[in-house]
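Geometric and topological summary
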Amino acid sequence: MSNYHVRKVAVLGAGVMGAQIAAHLTNARVPAVLFDLPAKEGPKNGIVLKAIEALKKQNPAPLGVPALGDLIEAANYDDDLAKLAECDLIIEAIAERIEWKHDLYRKIAPHVAAGATLASNTSGIPIGKLAEALPAELKTRFCGVHFFNPPRYMHLVELIAIPQTAPSIMDNLEGFLTSTLGKGVLRANDTPNFIANRVGTAGMAMTLYNAERLGLTFDVVDDLTGAKIGRAKSATFGTADVVGLDTMANVINTLKNTLQADPWHKYFDHPAWLKTLLEKGALGRKTKGGVFKKVGKDILMFDPKTGEYVPGKAKAAVEVDKILKKKDLSERLKLLRESAHPQAQFLWGMYRDSFHYIAVHLAEIADTARDVDFAMRWGFANKMGPFELWQSAGWAEVAGWIRDDIAAGKTLTNVPLPGWVFDLKSGVHTSEGSWSAKENRFKPPSSHPVYARQAFRASVLGSNAASAATGGTTVFEDEGVRLWHLSDGVLIVSFKSKLNVLGPLQIGGLHRALDIAASDFQAVVIYQSGATEGGAFSAGADLQSMQPMIQEHGLAIVEPEIRKLQSAFMRMKYSPVPVVAAVAGLALGGGNELQMHAAKRVAALESYIGLVEVGVGLIPAGGGLKEAALQGALAAQAAGSTNYLDFIKGRFQTIATAGVARSAIEARAMGYLQPNDTIVFNLYELLHVARKEALALAEAGYRAPLAAKFPVAGRAGIATIKASLVGMRDGGFISEYDMLLGERVATAVCGGDIEAGSLVDEEWILRIERQGFMASLEDERTQERIYAMLTTGKPLRN
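Thresholds applied
Residues numbered from 1 in each chain as written. Predicted model: local features only at pLDDT ≥ 70, side-chain atom pairs only at ≥ 80, totals over all residues. Heavy atoms only, no water. Salt bridge = Lys/Arg side-chain N within 4 Å of Asp/Glu carboxyl O. Helix = DSSP H or I, 4+ residues; strand = E, 2+ residues; numbered from the N terminus. Buried < 20%, exposed > 50% of the residue type's maximum accessible area, 1.4 Å probe, protein only. Core = buried A, V, L, I, M, F, W, Y, C linked by side-chain atoms within 4.5 Å. Contact = heavy atoms within 4.5 Å. Pairing = 2+ DSSP bridges. Axes fitted to C-alpha atoms, helices over the stretch in contact; angles between N-to-C directions. Parallel < 35°, antiparallel > 145°, perpendicular 65-115°, else oblique. Left-handed = near helix turned anticlockwise from the far one by under 90°. Nonpolar A, V, L, I, M, F, W, Y, C, P; charged D, E, K, R; others polar. 1 Å grid on protein atoms, 1.4 Å probe; cavity = no way out; pocket = protein on both sides within 12 Å on 5 of 7 lines; lining within 4 Å. Points joined across faces, edges and corners; volume = space filled by probe spheres on them. Arc of directions from axis to C-beta. Expected span 1.5 Å × (residues − 1). Polar contact = N/O pair within 3.5 Å; in protein donor to acceptor, adjacent residues only side chain to side chain. Phe/Tyr/Trp six-rings, centres within 6.5 Å; stacked < 30°, edge-to-face > 60°.

**Here we look at the pattern of salt bridges**
Taken as a whole, this structure holds 56 salt bridges when the rule is applied. The residue Lys-286 makes a salt bridge to Asp-246 at a minimum N-O spacing of 2.9 Å. Linking Lys-286 in the loop between helix H11 (272-280) and strand E9 (292-295) with Asp-246 in helix H10 (residues 245-258), this pair joins segments that are 40 residues apart in sequence. Classification of Asp-246 as partly exposed rests on a relative accessible area of 23%. Put simply, Lys-8, Glu-73, Asp-80, Lys-83 and Glu-86 are held in one network by salt bridges that share partners.

As structure tokens, this is what we get:
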């Protein structure tokens, strides 16, 4: 894979965005130098060092593991400008003040290496205006590169060129951002706030106006505009707090100051309550309070009337909530439009005004309607973009409603819809491409070579693009699994259960896949079709589906099912053809044990991996404890040690506390991923890389590992762990039953009641796993925990 000629990056500005961009570069193993002003007191790099320490404590975590923060190089503008010459890419991420940015550009310009790219992370200042401070030659290597907050988790990056920017600069950056950093890149026009913030901020400004006009409180607006309509749970004002009210105010100001001719201009203003919060320094989460404020366990809401924080738990009205539950979007919008309820009018107005705005401005702000939809999906975590929503609801009918509302004076402006809206009878997305209002034609997606690494690219509703759920050639399919391929010698296994949990159909499908692959394929990849949409790899065993079997046959029916699970995983481990697990999202319990038995793992950065069975009163029984014992023994042997307990204590602690890795990087540190496993940053590249890795194993003459006995810590190890558990129980940190479960985990990872250093085989520990699992399952306390999890979704501590 090409590194797209970016070997080292400098980030200018150690604020919220700059520090997190540096963190994400470090996640991707790209050396990063983080600059800021010299500190007035203490070490000159004090500002940057403080920012790096803050990265280690933030939640959600910007770093894959906190220790990565130590790899960020700290620098200041007084002493370290010479370091810029070592960097291929320099990203400016200082405050949104154009005069400050200009001053900084003049200062650094002499130190930028020949051929290096300078890019601004501005959220909305026109790139052409920023370029005015640069020498002519550097303008050819200057562009906008707008990350979204938080940079690790938000998929969108907007690339913005100026007329002088060399095309090769843009192509190189698009490849680097897409493949190395895992981003969804959009080429935006150099218009104020670009695409996502132009549409999102205009929508926000109109939402603020309409909420105030209709007398809706912050909590009600957030209940109406979050998950119920397919947007981020943080909704409107929660998102504003995450982004920062000062940032939101800045981007609204950019619209107000630069778009005087915009027909919606008069709505680009700060309401009185926003001005009050800004004056108080209540800027959102970064100042521990904004529109909302957490006090203890309570979430309070700012009351504009009193200037105080008050409880805010109001919800949508019942009649409006009923409308929002309608599955048919066309019916939903029709009912909202016809309802006289203020909340319904607010929502219809929000949709209508958004559709109106993007139609009028499409030619100006984006190359195609596809870019607008991706911008809102990737930058604001909406499930569907605004054009997709419009098209899904019935393009022509909705266009007619908007036209009628314009004529009736119900819209915020009387500017008519463009003529092309009525020319396109079915909508802006087709199999031919997406509508470009500027070029008056449908345009296909980008042909940049980086997208050859994406077997199934991101697509929009109406494009009829193939997906991992239906693409390729199906070899076998039933209600539980689909076995398919892309004509490259790799058999792909995809589960079809909710959260891809493991039940009899999935285990049977895995056996069938191994049978087929042994004669007809070179390798197997386990890949879930929902991976690119944030789905689970596998959330573990299907406890819920086992309930009817248990009720009919009793608990004894479970033990043979556990044997089948273990047998399938062991067969996979010793398969003559390599099996690669393509992990993304949740890999918990049996899902983790599934990937642990693969020949190799290719994991997305956002993989959350753990053995969590103790949370429901069970112990892992799919070979996870066996693998922990085996890995500990191998590590001890590699270190020339016979103190096997030292090499399993960390693994025991993680399993006994149901620890879950918050990234693939942390999963590697926990031992759930191995040092030679591959971490992929772009979910859309996961299947491509997994297939390539599987074929590489096959072409290298893959042979399954030889089964061998290994030493364990034995009864002495169990006794040592038990003593620590007693201390934790007596200190009130764990319950009596937690201690018993911990002992069962310890018994398995230490190999049972035998002498330390005794040699055992894998089946020996699998048997101990089964015994511990069944003993736990038969305990009423475990049954209470399972019931609580199935009915409330929350763990019970008893």
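Read on for the rest.
**Some details on the nonpolar core**
Residues Val-9, Leu-25, Leu-34, Phe-147, Phe-176, Leu-177 and Phe-773 are the most contacted members of the largest nonpolar core, which totals 126 residues. With seven residues, helix H28 (residues 736-749) is the largest single contributor of residues to this core. Not counting residues up to four positions away in its chain, the partners in contact with Phe-773 are Val-558, Ile-562, Leu-618, Ile-619 and Ala-621.

**Section: the sheet that holds strand E20 (residues 600-610)**
Pairing is mixed in the open sheet, where seven strands are placed in the order E15-E16-E17-E18-E19-E20-E21. One side of each edge strand has no neighbouring strand; the edge strands of this open sheet are strand E15 (473-477) and strand E21 (678-680). Averaged over neighbouring strand pairs, the angle between their axes works out to 25° when direction is ignored. Running at roughly 25° to strand E16 (residues 481-485), helix H19 (residues 504-520) makes contact with E15, E16, strand E17 (490-495), strand E18 (523-526) and strand E19 (579-588) of the sheet.

**Brief notes about the packing of helix H21 (residues 558-573) against helix H29 (residues 762-777)**
Contact pair H21 / H29: the axes reach a minimum separation of 11 Å and the direction vectors enclose 150°. One finds that H21 runs roughly antiparallel with respect to H29. In this structure, H21 meets H29 at a crossing whose hand is right-handed. Along the contact surface, H21 presents Val-558, Glu-559, Ile-562, Arg-563, Gln-566, Met-570 and Lys-573, while H29 presents Glu-762, Leu-766, Glu-769, Arg-770, Phe-773, Met-774 and Leu-777. The residue inventory of the contact of H21 with H29, partitioned by class, reads seven nonpolar, one polar and six charged.

**Things to note about empty space enclosed by the protein**
Here the idea is plain: a probe the size of a water molecule rolls over the atoms and shows the empty space left. Under the definition given, this model contains four cavities of 30 Å³ or more. Approximately 60 Å³ is the volume found for the largest cavity. Lining the largest cavity, in full, are Met-596, Leu-611, Gly-624, Ala-628, Gln-631, Arg-651, Ile-655, Met-670, Gly-671 and Tyr-672. For the lining of the largest cavity, the secondary structure elements donating two or more residues are helix H23 (624-638) and helix H24 (649-656). At three residues, H23 tops the list of elements feeding residues into the lining of the largest cavity.

**Observations regarding the pairing of E17**
As a general feature of sheets, a regular strand has side chains that alternate between the two faces. A large share of E17 lies buried, amounting to six of its six residues. Burial along E17 is two-sided: Val-490, Ile-492 and Ser-494 facing one way and Leu-491, Val-493 and Phe-495 facing the other are all buried. When E16 meets E17, the two strands line up antiparallel, connected through four bridges. In the sheet register, Trp-484 faces E17, and the bridge partner there is Ile-492. Counting the residues between successive antiparallel strands, the hairpin from E16 to E17 contains four residues, one of them, Ser-487, with a positive phi of roughly 60°. In this sheet, E18 lies alongside E17 in parallel orientation, the contact comprising four bridges.

**Let's talk about H11**
Residues of H11 that are buried include every one of Trp-273, Leu-274 and Leu-277, and no others. Each buried residue of H11 lies within a common arc of 100° when the element is viewed along its axis, so the set occupies one face. Exposed and facing more than 90 degrees away from the buried side of H11 are Ala-272 and Glu-279. Those residues of H11 hidden inside the fold are in contact with helix H7 (196-214), helix H8 (218-224), helix H9 (237-243), H10, strand E10 (298-303) and strand E11 (308-311). Phi turns positive one or two residues past the end of H11, at Gly-281, with a value near 75°.

**Quick look at the layout of surface pockets**
Looking at the second largest pocket, its volume works out to about 1200 Å³. Considering the residues around the second largest pocket, the lining is formed by 50 residues, among which Gly-540, Ala-541, Asp-542, Leu-543 and Gln-544 are closest to the centre. Going through the elements one at a time, H19, helix H20 (543-553), H21, E19, helix H22 (590-596), H29 and helix H30 (780-792) are the ones with two or more residues in the lining of the second largest pocket. When residues in the lining of the second largest pocket are grouped by element, the largest group, eight residues, is from H20.

**Some points on H7**
Spacing of three or four residues puts side chains on the same side of an α-helix, whose turn is 3.6 residues. With 19 residues, H7 should cover 27 Å at 1.5 Å per step; its first-to-last C-alpha distance of 26 Å lies within 8% of that length. A positive phi of about 75° marks Gly-215, the residue just after H7.

**Thoughts on the side chain of His-102**
In this fold, His-102 is placed in helix H3 (residues 98-108). In this structure the side chain of His-102 is engaged in a polar contact, spanning 2.9 Å, whose partner is the backbone oxygen of Lys-129. Leave out the neighbours within four places in its chain, and His-102 touches Lys-129, Leu-130, Glu-132 and Ala-133.

**Notes on the environment of Leu-224**
Mapped onto the elements, Leu-224 comes out in helix H8. Ignoring any residue separated from it by four or fewer positions in sequence, one finds Leu-224 in contact with Leu-216, Ile-229, Ala-316, Val-320, Leu-324, Gln-343, Phe-346 and Leu-347.

**Looking at the packing of aromatic side chains**
Under the defined criterion, the tally for this structure stands at 20 aromatic pairs. Considering the side-chain rings of Phe-387 and Trp-390, the 6.4 Å spacing of their centres and the 10° angle between planes classify their relative orientation as stacked. Separated by three residues within a single helix, Phe-387 and Trp-390 lie in helix H16 (residues 386-392), roughly one turn from each other. This pair shows no difference in class: Phe-387 is buried, exactly as Trp-390 is.

**What about the environment of Phe-495?**
By secondary structure assignment, the location of Phe-495 is in strand E17. Using a relative accessible area of 3% as the deciding quantity, one classes Phe-495 as buried. The spacing of Phe-495 and Ser-538 is 43 residues in sequence and 8.6 Å in space, taken between C-alpha atoms. The contacts of Phe-495, once residues within four sequence positions are left out, are Gly-480, Val-481, Asn-500, Leu-502, Gln-506, Gln-528 and Leu-594.

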